[in-house]
Structures are given as structure tokens and as C-alpha cells.
Amino acid sequence: MSKSVRRYVAPTELIDVARELLALGCRFQMAYHRHSGRSLEIVYLVDQGPNLEFLEIIVRSEGELPSLSEVAPLLSWYEREIMDLSEITFIGNPESFPLVVLNGMTLDGSPFDPNCDVQPLLSGTPASPSLPEIEASQVQDLFWGPIRADIVETGEFHFAYIGEEILHYTPRLFYKHRGIEHGLQNRDPAAGLILAERVSGVGTISHGLAYCLAVENAFGFEVPQRAQLLRIVLAELERIYNNLHFFAMLAKTTTLKVGEAFGLLLEEEAKQINAKLSGHRLLRNLLSTGGLRRDLNVGFLAFELRSLKAKVQDYLDSLANTQSYLDRLMETGILSADAAFDFGATGPIANASGLQRDLRVHHPYSGYDALSMKIPLRTKGDALARAEVRAESLIGAFDLIDQAIQTLEPGDINLYKPIVPVGTVDGLGWTEGPRGSCFYAVRLNDGIFERVKIKSPSFSNWKAFPLTVHSSNMMDYAINEASFGLTIAGADR
Amino acid sequence: MSLELISIGAVLLAATVVAAGLKQSFFITRSFFSLGVLFLLIGSMFALPHGTRGVELFPSGGLAVTFSLDASASWLVAWGLAPALFAGITISRSRISQGWYGGAALTILGAIGVAGLQDGISFLIAWEVMSLGGAFLLLNDRRASTADAGQSNLFMLSLLEVGSVSLLIGMLVLGSRDPSFSVWHGLWLGLSPLETFGIGVLFLIGFGAKLGVLPFYEWYPSAYSSGSGATGAILSGVVLNVAWYSLGRALLHWMPASKTPLLFGVLVLAAGVISAILSILYGFQQGDWRKLLSFSTAENGGLATAALGAAIMFRVAGLPDLSTLAWVVGLLHLGGHSLAKGSLMITADQIYETGGTYEISQHDALSRAPWTLGVGAVMGGMSLSAMPPMAGFVSEWFLFQTLFQAFRFTSSTGRVALALAGAGIALTAALSLATMIKVLGVGMLGKNQNRTPQRQTLPVDQKSRSLAVLSLGTLALVYSVGMIWWIRELTYASWIGPSQTVNHMVDGLLLVPLSSGFAFISPFLLVVVGGLLSLIPLALIRLRRHGINGYRKVPIWAQGLEKVPESSATTALVFSNALRQFYSFIYRPKTVAKSDGNEKGYFVKQVSFEYSVAPIFGPFLFSPIVRLVRWTSEKTSKMQMGSMNVYILYIGLMLILILAIAIFI
Amino acid sequence: MKNWTLKGLVAGKATTNWPNSGDNDGQDGVAGMPIFDPKQCSLGCQTCVQVCPTKAFSVEKNNLDEVSVSLDYGRCINCQICVETCPSEALKSSPQRAMVSRSKSDLVSSDLEGEPEVNRLQSRISSIFRGSLHLRHVDAGSCNGCESELGALNSPFYNLHRLGIFFTPSPRFADVLLVTGPVVPQMKEPLLRTWEAMPRPRFVVAAGTCAISGAPFDFGYSGGYGLSDLLPIDIFIPGCPPTPAELIHGLLLLTDRIDQKIHGGRNEP
């Protein structure tokens, strides 16, 4: 894994550079701000294409910058987050209202500014959200949430609707914003890992591994072969239980009660396998920067997984043979390839909309390049396509674990007395989790974090999701949402 | 005695017209009008059960003009005038000019004439006066812009004129030799069944134009919505009632049973049922109090017409007792409808006074008005949706019971027609229930959270209007609870059947459809027993309130939000949208939602939304005619003035023409 | 066309008999909360105090100037770092044992003797709900790990309904407010409004370590500090996340269907 390429750009050239990059087939991944001495810089991370280094566009800011949202719509949320948490204004952002700091809340300072001596605090009471103006007295508003029925995460969804037909949909997330990026500041990587593992509870490995890879990238650590392969095993186990949960939820929303029960039971079996292997049902407390905290005994895994795989295959076949289930997924929540690209949809959502992207193949990490895998692809962009893509990647996960276990040889699982470099170092780590791409960009000074930026897959997919809800039906909403398989904790951080 | 009272009332109303013409003060016109209506009301009540004797008007003139109200007419006029009385007393003077009273007086004078005059010529004059009065009423309502009011008035008048012409032809055919109604039955006996059918259709069109039988209900919404609720109370009260009475008299009295084809009865029945279904379907979709209520009026006119159709069919089939039953059911229905509709029409005015709009939307109308409004309006709404124990329940139950007598027919045509009509009316009843829930639920509830909660003292006119609503609503209850007694007033309300028929509709405290073995209801017992049973929960609530634990009042849980946002109140459209989709083959709904995103549709800042339902007859029947007329008028553009004055001139010419015919024929 | 009903019937029963009988609680291999035995500590060693990322260990000096280290399970996220770094046998990884408690003091290791304190009135009131307990879950900023495990309770393996415990959509119907997450600033008001909407008698269950103390999210501009200062917690279920078995333990303890086993931070009284 190599360092990314940097390119400094003047604010006035920013829009032209962005257009030029997009014309070349590049794709923006994320944007964040960081303080560099007395000045502030905005970093745009750009994917230049398969097997090419990531490009960092860096712009020094003097308080105001042109917005890139019209050029690359996916940047809108990043820009709004930066505006919420710093003094920078993006001129021309089409949604210039708060994102992370909800309406009604105030944040008295810039949390990431090292020159700020007082600890800023978020205070107030959430007030009504900023919504598009609706020109018709007959449209009814539905505010669903923030505390919704069932065991779900907190998030407020706003529907402007007329009975069955949804005219416009606006999700308001970030109720759960915990400021983890800020919390990682001034920590050392070992202590920070427990936070990274808890950014998204069901994405422990996606986040934890991306975090470790970023730190290892910054420090120049080479992780032993065995640890790399075991990390793949863990990452694919995470994919298995998450996707089984996904199918259980899809069966639930299509009112397939028995199907839901089967899905939940399979998920539970997968979690119990996780516990037997790692001591933790959600695979926590194993990763470390440099390798793994302890070696794992994978001897029993092959057998258990073979049995689970057979059940999973049968379950997926049963679902694929259920007409009522298929009927409700077809044509539901169509996301066009264009929109998926523009809003940065990632993982199964992108693959279902005709974008063949997978970091495991295109920017391999942790030894994925030694294994063979296929990226599932559908072009329809509807809920069924998303389900089919997930099904393929679920079965693919079993195959990847098989391959990893077969090539596994005894050896070290951690670095022997690694040396932490002095001075400022930057690193970038990424993983392709069950929900899509997860990026960690870190900057350390003498082994202590100065800035950590987390890009979770759900942050990207939540931005694309509303496009599939506008002018759809209320009855399809739950199915559509389940077919995106989003988490709010990951997006909120 | 009753004739004297009626003449005093008529004179007072004439004085109202004069006073309004001379722009006398509100006090004078209002007093004249109210007293006049009161005298007419009492007079027509005293006329029951036998009706008045005949009296010769202008005995010295060349014309023999006789006036007498029979029992049916007295019943319909009496109940129809009750809302007119309350409307006249409570209408807000800031919204109208004195001319309104003139128009109202003219309308009611015309209506009395239509109900009581006994010859074709004076009848037609009264009919035109009634239409003209209605136009004056609407024009003197200051609510709509003059241009809108003028346009909807012209639409109404032109459709009514189609009816008038049709009436004129029908009456000319029948009464060219002798205009006196008393001989028309005999004259008609000389015509063939085919001619009978033709004339029957002419009358159906003529009176149906006013009754709102299809396609004529389409003038209702725009005309009603150009006036106030008080105007609506008069139009859907006494005016509707006498129109139906006239139709019934023509088809049951003048038209000989021996010459009537059964199919004509089926036609009237079908016209009634289909108009009822269509008008309530459209009513359900309305977002304006007056439009919704006007469609509901057309629906009730349709139900009464269906009862009339059944009466004709039973009469043809030689079942006079059932024919009388059907006719009496129509009388009961329209009587109760006047009261209930009056209460809701006046409620609409109250909504307008407190909220500034007739739009059906949640803006805490109920909590701002006195309690009397809510109770009265709920009773009115219950009656219109045929909920027990209200007036509408009694009459619709009787209507169903009448249609269930289909088995007495020997011909399958009659059986099938009545059975289908029963199904249609069941649909109507369900829809009208939904409609009333919509208008009361969406239109009266809701909480305006921006308003300061302090209670202001209400203006006197709002109090009196609410009291009027309560009175009319209570009357709708009293009407049904006391039906076991009132119904005997209708003993002579029939031209055909034996007078015992009505006696067979009551059995002790029960209401029965001619025989108690078939079915029965008793609003009286329901109210008494239900009232007693309701004491139990009331007592429990009372006990709980004084219990040891007491209450802890907490705000409504808004899923974690501070309060339930105001905009999440159910809107009129959302309430009815499912049906708008389901019956899209009738409504042909249009929904246009536009979002103003960037060129790819992202980052929406504004969503604009439009919706509509298309009228049935507008595009297919009226628009082509309008286009034809436009084409003609283009050719004769010199004559086209398009002003109200020209139209009134035309009406005047019509009157002279009718007089001329009367004198010279 | 798939016949799901038939498929379900053929598959048979998947539910464990635990906790009524048997011991298959589905937590094989799960590393439980560390067991802390201060008597085994090497003299002057405070490795655990230094390595603990959530500051769950605290050092106290008594009046004889003796130093003692105690562990607050209300701050422990079960990350096992202390177990891995402990040079002596003082900290050991336990097999899965539910550290559920009625009081916060019982979550802190100490040399308390005797039985855990029980509020008789409180437990009588809550035991009324033995047969039917309705929970309203509120996510006050959790990482979704607790939701994942709460969701597992509805899987056929645990089948929470068989114990008469249900999740309900509205706080109006709820007996218990089950809170996950550290209560971040933006969730404070929504949470309190939900509590306000509940009828009495009502209980609070803090599920997960962060719901108890905020750890490890008790920092920065948008951190949370748990429920302790906000609501009267009836049951503490530490864990990150607590396993389904621990959650069931907590709910059974609330309704007095099992006895509290934790006292003075130790599992065996």
C-alpha cells in the first residue's frame, strides 16, 4: 500500500480542476478540513481509477471557498459538515443549512482548531428542520421520528405526502452525532482503536481495519501475512452476519414472517460463530495497529461455515423463489447509475446500479489481491438488484474465507517492537465493508493523532437514498429503506 | 287560519323586496324577512295534515289563479323554511348588502308559489321568480369577486333555463287548452304511453335542473361557493324541496298510472341513484365547505328522486300502498335534510368568520367557537350521513326498506332495478358517511399552535350563529325521535294511496315499513335507552376525576419532537386521496408535482403541487355546447353583450312571453 | 413458489430452553467482563489503571495511606486490554457472566460483604410485570451494536416473547424505558420527552456501558455521559454491547424473576 498523491490547488482553480478530474473518469470520495499550523486546509480525496493511487486535492482556505456541490453533488454533505464544524463557508452550496449540528442546536467554537483553548460544546434543543418549501395547502407532512417504532436507530424522516404518494422526502440524521473524529484527536492509535471499532457497531471490522490500515500506512508498518489473512477472515465474517441481517429485514418489510425468522436465526448462528472464533459476537477487541491482538484458531471454522453456507444458500434460494417477495422488490426504489455516481453511492448500492466498484479488487488491501473474487453487478438499480448483489457478495464471503483459510500458514500475527516515526505523518486506509467503502485519513504527530477523518459507507448511501423515495409510494418505503441496508450510527459518527 | 298566516308572510316578504329595493336599513329588511318567513313557516305547519283550502287570487281578473298547499307541500315548505329563518337571522351583515334579503324573499315567494299555485302559467312565473331570486341572492353576497360570482351565476342560470324551456314545452303540450292543474290528469289520459314517456322526461329535465339530477348537479358547486352558507341553506332547503315536490306532483298526480311505462319509473329511479352516487363521489373530493355541502345537497336530491322513481314503479305495478310509502319516504328525507343541511351551511359561515376561509382545513375552528357549534354540527353531520338516531337515519332506513320490497314485483325488470338501486344507495350512504367525517373531522378539528390560548369573548353574532346551528341540529334529532307522532301529519300526503298507509308506518314506539314483521327501528327508544346507558361511563369518568391518583397531564408524545408539527394535520385531500385513486375512472384525477432542483433534479428547494378531479359532464356535455354557443356568438358578435343586465332583460322578456301566451291562448 | 409456513414447520423449534432450563444461552466463546481480584495485584502495579481506555479503574488511598485499585463495571467496555496486559493473575477473562445490577454501587468492585441490597417496595412493584413487560427502546446515540443485540432477542433462538417481554412502539404503552447509547447532546431532549410520556409505574434500563456512564464516548463537544444524572436507573446492564443473554438477565432481574448475583463488583456474593 502506497501513500496517496497530493496536489495543491488554489481556491480560484478549484472548480475547473474538479471538472477536469471528473472528465477524466475520477470520482470524489470525501472532503474534510484540517488545521495545519495556523492555516486551514480542505482535503478532497479523489479515486483516480482501479489500481491507481488515490489523489488528495488540497486547498488552503481563507474562510471562503467555492462549493463543488453542483459539480460533484456527493460533496454537499461534506461541505455542510465542514461549515458546521469550522469557520469556513462554501459559497454556492445549494443546501446551506446545518447538517451535523441540528437546527436549534449551537456549537460555540471550532472543535478541530488547535488554537482554540476552550472546549466547545454542543447545546440547545433540536428545532424543526429546514425543509423544501411545499407550494400546496393540501400536502400533509409526516414527521417520523426521531424516536421511531421498533428497535431501530434514531433518525427523523420527513415525508411530504398526499395519502399514499410521497412528494418529497428528507431524512434528518445526525441526532446521534458523537463527535468521534474529534475524540480521536490527541489520542494514540492503540487507545483510538476502541473508538474506531465502535463508530458503527455492526461495522467493527470495516472501521477498525480501515483505521489500522491508515495508521499502518502512516507509520510504514508491514503487517505479517498471517495477520492479513486472519483480518480477511474477520472482515468476511462481518459481511456474512450483516448480509444475513439485511435479508431478514427485507423479509420483514415484505411481510414474510417465516422468512424473517429464518434470516434472524441465520444471523444469530453467524454471530455465535463469531463469538466462538473471536470471543466477541461483533468481532471486537481483536484488531491492533500492526496486526492482531492474539492469534486465532480457525480449525473449526471451515466445518461450521460449510454447514452455515448450505443453510444460507437454501435460504437465498427460497427467497428467490417467493413471488410475493420478488414482486415487491422489483421496480422499487430505482437509483439510476448517474445518480449513484453523483451522490457517491457505494458498495452493493453502487453495484446494483451498474457501477462495478469494489475496493477489494480495485484498490486491494490486506492481501485481497492474492484471493480471487468477482464483483457482483446489476444495472437495474431497484431493490431486487440490491438484494441480488448482496446475495452474491454473501456467498462470495464464504468463498473468500475458504481461500484465506487454505492459504493460511503459521507465523507472526503482530509486528515485533514496531518503531513509531517522529514528526508529522499522514496515512490513508480503506476497506470495502458489507455496506460499501470505508475510508480513514489520519495525520499523526509523534505518534499522536492530529486529525482523523472517517468516511463511513452509510454516509454516502444515505445521501443517495432520498432520490429513490421522492414520488414513490408510502407502502414501498420500508422495503426500499431495508433494501439500502443503511446504518445511522455510521453516518452520524 | 293557515292561509291567513301564509298571506301575511307573503305580504311581509313582498315588503322585504320593496324595502331592499329602496335600500332601507338592515334592521327593517331583516325584520320583514324574518317575520315573513316565520309566518309562512307557522302557516304551512298549521296547514297539516289536510293542507289548505283553495283560494282564488285576483278573483276579478281574467285569470283564474288558485292557491292551495296540499299536505305534502306544507310538510316540505315548513321544514324547508326552518333553515331559511335561521339563515336570515344570523347572516353577518358585513358580508352582504340589503339586496340579499330582497333576493331571499323573492326566492321564497317564488318557492311558495311553485308549491301552491294551481295553474301552469302562474306556476311558471313563480318558477322563474324563484330562479331569479336565487341569482339575486348570490349576487348580493359579497364573498366572491363579482366576476367569479357572475360567471358561476350565469352557468347556473343557463342550466336552469334549459330546465325552464323543457318545463315550458311540457306544460304547453299538456295545458295549452286549460292551464289549470286540476284537469291535467284527465287531459294526460288522452295521450299515448310514448307521449307520456316524452313529457315525463321533459318534466324530469325541467325540475331535475333545480334538483341537481344529473347532469345538472354540476352547476351546484360553483354557484353555492359564490355565496355564503346562509344562501346555501335557502337553496338547499325550501327551493330544493319545492322542486322535488313539483316533480312528484307531475309524475305521480298528473301522469296517469295506466299510461306510464314501468321503464319510466326505472329511468327516474336510475337518474336519482346515479346522481346521488356521482354527486357524493365528487362531494367527497371537495376542499371547500360550500362546494362539498352543495354536492351533498345534490346527493340528497338524488336520493329523494330515487324514492320518487320507486313510487312511480310501485304505482305502475298496482301497489298503491308501497307507492305511498315511497313518496312519504321522500318527504321524510327532504324534511330532515333541510334541517341537517341548514345546520352545516350555517356552520360553514361560522368557520369562515373564525378562520377567514371556507377551505376545509384544520385550524381549530371547534375550540374557538362556542360549544353549541360543535354539538349542532355533529348532529347535522350525523343526520346527513344517516347515523342513528338522527333524521337522515330514519329516512334512509325507510328508503332501504322500500327498495327491499322489490319482491312484491312480478316483473324481473322491477326487481332487478330496485335491487341495483339498493346497492347504489348503500354505496352512497358509505360515501356520505366518509364525506361528513371529512368535513367535520378535517374542517373543525385541529389546533393552531401559534395562537395564544387565552379565551376571548365571542362576538354576539357568532354566538347566535352557533345557537342556530345547535337549534337546527337538535331539530334534526327531534324530527326523528318524534317521528312516531309527526308522521301522522302526513296521513293525507298522497294523491293515490289509501290514507291508512302512513298509519302502518308506526307501531307503538316503533317505526316499521308497513308491517312490523319485516323490520323496525325506534329512534325514540334509542335515545332514551342510549341516554341512560351513557350515564355509566360519565359516572366512571366523574369518579376517576375525584379518585386518589388523579391525573398527570403530559404533552402528546411527538416521537421525541417538542410538539406534533402543525403541518402534520390531515388535509382534506389526504383524507380523500385513496378514493380519488380508486375511482380514478370516474374522477380522472390530475396530480402534478414539480420540484425545482438543478438541471439533474438534485437539491430541491421547492415542491409545487397541483391536483384536480375532472367533472363528468363538463368536458363531454357542457363544453361542446359552450363551444357551439361561442361559435354562434362569434358569428353574431354584435348581439353578444355578456353582461348580467342583458340576461335579466332576457328573463323579463321570457315573463312577458309567458303572460302573452296565457292571455292569448 | 415457496411455502414458507411449511418450511417453518419442518424446520422445527429453534428456541433455546434457557433460562427456564438448560444452560444453552448461545454465548459459547464469548469473553465476559474481566474478573478483578485486587488481592492478587503485584505491589505498586497500576498497569490496568494506565492502559484502560475508559478509565474504569480508579486508585484510592485510605486513611492509612494504603493504595487500592477498584474497577467500575459501569465504565468497562469489556475491551480485554487490561486482561492482556495484567502482569499477575489479578485480572482474568471470565466466561460469560451477566454483570447486571439494580444499583450502581454494586457495579464497583469493593470488599462489601453480605447480600445485595433490595428495595422491597420497588421489587414488589416491578414483580407485578413478571408475566408481561413492555419495553420502549430509545437509541440515545449508540453505535448500533446494542440495537443489533436487542434485535437478536427477537430471533427465534432467544424468542423474547416467550418470556412475556415485548417491544412497544409508543411510550404510552411502555413499562420500561430501555436506553442505549451515551445520551449525546442532541438526543437528550427527545429522550426526556419520551420518559415524560410514560405512565407510572415506569422503569429505566440502561443497556450497554455507554448508557450507564457514557464511556467510551464521554468526551468532546458532542459526547454523552450516560443516564446516571438524567433518569433513575432501575437496572444496569454493562457490556459493549451486552450480549442477548445479559440483556435477558437484566430484564428478568427487573421483574424479580431472578436474584441479583452481583455484589460489590463480584459475581459470587
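Residues numbered from 1 in each chain as written. Chains lettered and ligands numbered in written order. Predicted model: local features only at pLDDT ≥ 70, side-chain atom pairs only at ≥ 80, totals over all residues.

- Per an unreviewed UniProt entry, chain B is named Hydrogenase-4 component B, and its organism is Acidithrix ferrooxidans.

- The name given to chain A in an unreviewed UniProt entry is Formate hydrogenlyase subunit 5, and the organism recorded there is Acidithrix ferrooxidans.

## Some thoughts on the overall build of chain B
In step 1: Of regular secondary structure, chain B possesses 26 helices and six strands.
In step 2: Against the 2.2 N^0.38 benchmark of 26 Å for 665 residues, chain B shows a C-alpha radius of gyration of 25 Å, consistent with a compact globule.
In step 3: Across its three principal directions, the C-alpha atoms of chain B cover 80 × 70 × 55 Å.
In step 4: Per-residue burial for chain B yields a buried fraction of 52% across its 665 residues.
In step 5: When contacts within chain B are restricted to residue pairs at least 6 apart in sequence, those whose partners lie at least 24 apart make up 80%. (Helix = DSSP H or I, 4+ residues; strand = E, 2+ residues; numbered from the N terminus. Rg over C-alpha atoms; globule rule 2.2 N^0.38 Å. Buried ≥ 20, exposed ≤ 12 C-beta atoms within 10 Å, placed from the backbone. Contact = placed C-beta atoms within 7 Å.)

## What about the overall build of chain A?
In step 1: Tallying secondary structure elements over chain A gives 16 helices and 17 strands in all.
In step 2: Taken against the 2.2 N^0.38 rule, which gives 23 Å for 493 residues, the C-alpha radius of gyration of chain A at 22 Å falls within 12% of a compact globule.
In step 3: Counting only C-alpha atoms and orienting by the principal axes, one finds that chain A spans roughly 65 × 60 × 45 Å.
In step 4: Within chain A, counting contacts between residues at least 6 apart in sequence, those at least 24 apart form 68% of the total.

## Here's the deal with the nonpolar core
In step 1: Within the largest apolar cluster, 441 residues are counted, with the highest numbers of intra-cluster contacts made by Val179 and Ala206 of chain C.
In step 2: Setting aside residues no more than four positions away along its own chain, alanine 206 of chain C makes contact with Val179, Ala211, Ile212, Gly226, Leu227, Ile233, Phe236 and Ile237 of chain C. (Core = buried A, V, L, I, M, F, W, Y, C linked by C-beta atoms within 7 Å.)

## Things to note about helix α15 (residues 371-384) of chain B
Residue and element names in this part refer to chain B.
In step 1: Taking 1.5 Å per residue, 14 residues should reach 20 Å; α15 reaches 20 Å between its end C-alpha atoms and fits that length.
In step 2: Counting buried positions along α15 gives 12 out of 14 residues, so the element sits mostly inside the fold.
In step 3: The set of residues buried in α15 consists of Thr372, Leu373, Gly374, Gly376, Ala377, Val378, Met379, Gly380, Gly381, Met382, Ser383 and Leu384.
In step 4: In this structure, the buried residues of α15 make contact with α12 (289-316), α13 (320-355), α14 (365-368), α16 (391-403), α17 (412-444) and α18 (460-481).
In step 5: Phi turns positive one or two residues past the end of α15, at alanine 386, with a value near 60 degrees. (Expected span 1.5 Å × (residues − 1).)

## Observations concerning the UniProt feature "domain: NADH-quinone oxidoreductase subunit D" (unreviewed entry) in chain A
In step 1: With numbering matched to this structure, UniProt assigns "domain: NADH-quinone oxidoreductase subunit D" (unreviewed entry) to residues 268-416 of chain A.
In step 2: Secondary structure across residues 268-416 of chain A divides into 52% helix and 3% strand, with the first and last C-alpha atoms of the span separated by 37 Å. (UniProt positions renumbered as here; feature names shortened; annotations may be inferred.)

## Thoughts on the interface of chain A and chain C
In step 1: Contacts between chain A and chain C engage 58 residues on the former and 54 residues on the latter.
In step 2: Listed by contribution, the elements that provide at least two residues to the side of chain A that touches chain C are β7 (105-107), β8 (122-124), α3 (180-184), α4 (189-196) and α7 (257-278) of chain A.
In step 3: No other element matches α7 of chain A, which puts 11 residues into the side of chain A that touches chain C.
In step 4: Across the side of chain A that touches chain C, the residue classes tally to 27 nonpolar, 20 polar and 11 charged. (Nonpolar A, V, L, I, M, F, W, Y, C, P; charged D, E, K, R; others polar.)

## Some details on the domain arrangement of chain A
All names here are of chain A.
In step 1: Under the domain assignment used here, chain A contains domain 1 (1-119) and domain 2 (180-492).
In step 2: Centre-to-centre, using C-alpha coordinates, domain 1 lies 25 Å away from domain 2.
In step 3: Residue-level contacts link 17 residues of domain 1 with 20 residues of domain 2.
In step 4: A per-element tally of the side of domain 1 that touches domain 2 places strand β2 (residues 27-36) first, with five residues.
In step 5: Taken together, the residues that form the side of domain 1 that touches domain 2 break down as 11 nonpolar, three polar and three charged. (Domains from an automatic or database assignment.)

## Brief notes about the domain arrangement of chain B
All names here are of chain B.
In step 1: Domain parsing of chain B yields domain 1 (2-451 + 458-528), domain 2 (566-612) and domain 3 (617-664).
In step 2: Each of domain 1 and domain 2 has a C-alpha centre, and the two are 36 Å apart.
In step 3: With 11 residues of domain 1 in contact, the opposing surface of domain 2 contributes 13 residues.
In step 4: Mapped by element, the contributors of at least two residues to the side of domain 1 that touches domain 2 are α11 (262-284) and α17.

## Here we look at the UniProt feature "binding site: Mg(2+)" (unreviewed entry) in chain A
All names here are of chain A.
In step 1: When the UniProt feature table is mapped onto this chain numbering, "binding site: Mg(2+)" (unreviewed entry) sits at Glu181 and Ile454. Spatial clustering of the annotated residues is evident: they stretch over 274 residues in sequence, but the largest pairwise C-alpha distance comes to 6.9 Å.
In step 2: Among the structural elements, glutamate 181 can be located in helix α3.
In step 3: Residue glutamate 181 is classed as buried on the basis of its 22 C-beta neighbours within 10 Å.
In step 4: Once residues lying within four places of it in the same chain are set aside, the contact partners of glutamate 181 are Val452, Lys453, Ile454 and Arg493.

## As for the packing of helix α8 (residues 193-211) of chain B against helix α10 (residues 229-254) of chain B
Residues and elements named next belong to chain B.
In step 1: Where α8 meets α10, the axes come as close as 9 Å, and the angle between the chain directions of the two elements is 170 degrees. Taken together, the axes of α8 and α10 lie roughly antiparallel to each other. On α10, the residues that touch Gly200, Phe203, Leu204, Phe207, Lys210 and Leu211 of α8 are Val239, Leu240, Ala243, Trp244, Ser246, Leu247, Ala250 and Leu251.
In step 2: Looking at the contact of α8 with α10 residue by residue, the classes come out as 11 nonpolar, two polar and one charged. (Axes fitted to C-alpha atoms, helices over the stretch in contact; angles between N-to-C directions. Parallel < 35°, antiparallel > 145°, perpendicular 65-115°, else oblique.)

## Focus: the sheet that holds strand β15 (residues 424-433) of chain A
All names here are of chain A.
In step 1: The antiparallel open sheet is built from three strands, whose spatial order is β15-β16-β17. With partners counted over all chains shown, the strands left at the sheet margins are β15 and β17 (448-455), one partner each. Sheet twist, expressed as the average angle between the axes of neighbouring strands with direction ignored, equals 15 degrees.
In step 2: With 10 bridges connecting them, β15 and strand β16 (residues 436-445) associate as antiparallel partners. (Pairing = 2+ DSSP bridges.)

## As for the sheet that holds strand β7 (residues 176-180) of chain C
Residue and element names in this part refer to chain C.
In step 1: Sheet architecture is open: five strands sit in the order β6-β5-β7-β8-β9, paired in parallel fashion. Of all strands in the sheet, those with a lone pairing partner are β6 (165-167) and β9 (235-237), marking the two edges. Going across the sheet, the axis of each strand differs from the next one's by a mean of 25 degrees, ignoring polarity.
In step 2: Bridge count between strand β5 (residues 133-139) and β7: five bridges; the pairing is parallel. Looking at the pairing, leucine 135 lines up with valine 176 of β7.
In step 3: Contacting β5, β6, β7, β8 (203-207) and β9, helix α8 (residues 244-254) crosses the sheet at an angle of about 170 degrees to β9.

## So, α8 of chain C
Residues and elements named next belong to chain C.
In step 1: Buried residues dominate α8, accounting for 11 of its 11 residues.
In step 2: Turning to α8, its buried residues number three or more, namely Pro244, Ala245, Glu246, Leu247, Ile248, His249, Gly250, Leu251, Leu252, Leu253 and Leu254.
In step 3: Just past α8, the residue aspartate 256 takes up positive phi, approximately 65 degrees.

## Looking at the packing of α12 of chain B against α16 of chain B
Residue and element names in this part refer to chain B.
In step 1: Between α12 and α16, the least distance of the axes is 11 Å, while the angle of their chain directions is 30 degrees. Of the possible angle classes, the one that applies to α12 and α16 is roughly parallel. Here the hand of the crossing between α12 and α16 comes out left-handed. Contacts from Leu303, Ala307 and Ala310 in α12 reach Leu399, Thr402 and Leu403 in α16.
In step 2: Per-class residue counts for the contact of α12 with α16 are five nonpolar, one polar and no charged. (Left-handed = near helix turned anticlockwise from the far one by under 90°.)

## A closer look at the pairing of strand β2 (residues 57-61) of chain C
All names here are of chain C.
In step 1: The pairing of β2 with strand β3 (residues 67-71) spans five bridges and is classified as antiparallel. By the bridge assignment for β3, valine 59 is matched with valine 69.
In step 2: The hairpin formed by β2 and β3 contains five residues between the paired strands, and aspartate 65 there has a positive phi angle of roughly 65 degrees.

## Focus: unusual backbone geometry
Glycine aside, a negative phi is what most residues show, and trans is what most peptide bonds show.
In step 1: A cis geometry characterises the amide bond from leucine 48 of chain B onward to proline 49 of chain B, with omega recorded as 0 degrees.
In step 2: Considering the arrangement of structural elements, one finds proline 49 of chain B in the loop between α2 (26-46) and β1 (55-57).
In step 3: Cis geometry marks the peptide bond from alanine 215 of chain C to proline 216 of chain C; its omega dihedral reads 5 degrees.
In step 4: The phi torsion at glutamine 559 of chain B lies on the positive side, around 55 degrees, for a residue other than glycine.
In step 5: Among the structural elements, glutamine 559 of chain B can be located in the loop between α22 (535-545) and α23 (572-582).
In step 6: The phi dihedral of glutamine 80 of chain C is positive, around 75 degrees, even though this residue is not glycine.
In step 7: Topologically, glutamine 80 of chain C is positioned in the loop between β3 and α3 (81-85).
In step 8: Residue class for glutamine 80 of chain C comes out buried when judged on the 21 C-beta atoms lying within 10 Å of it.

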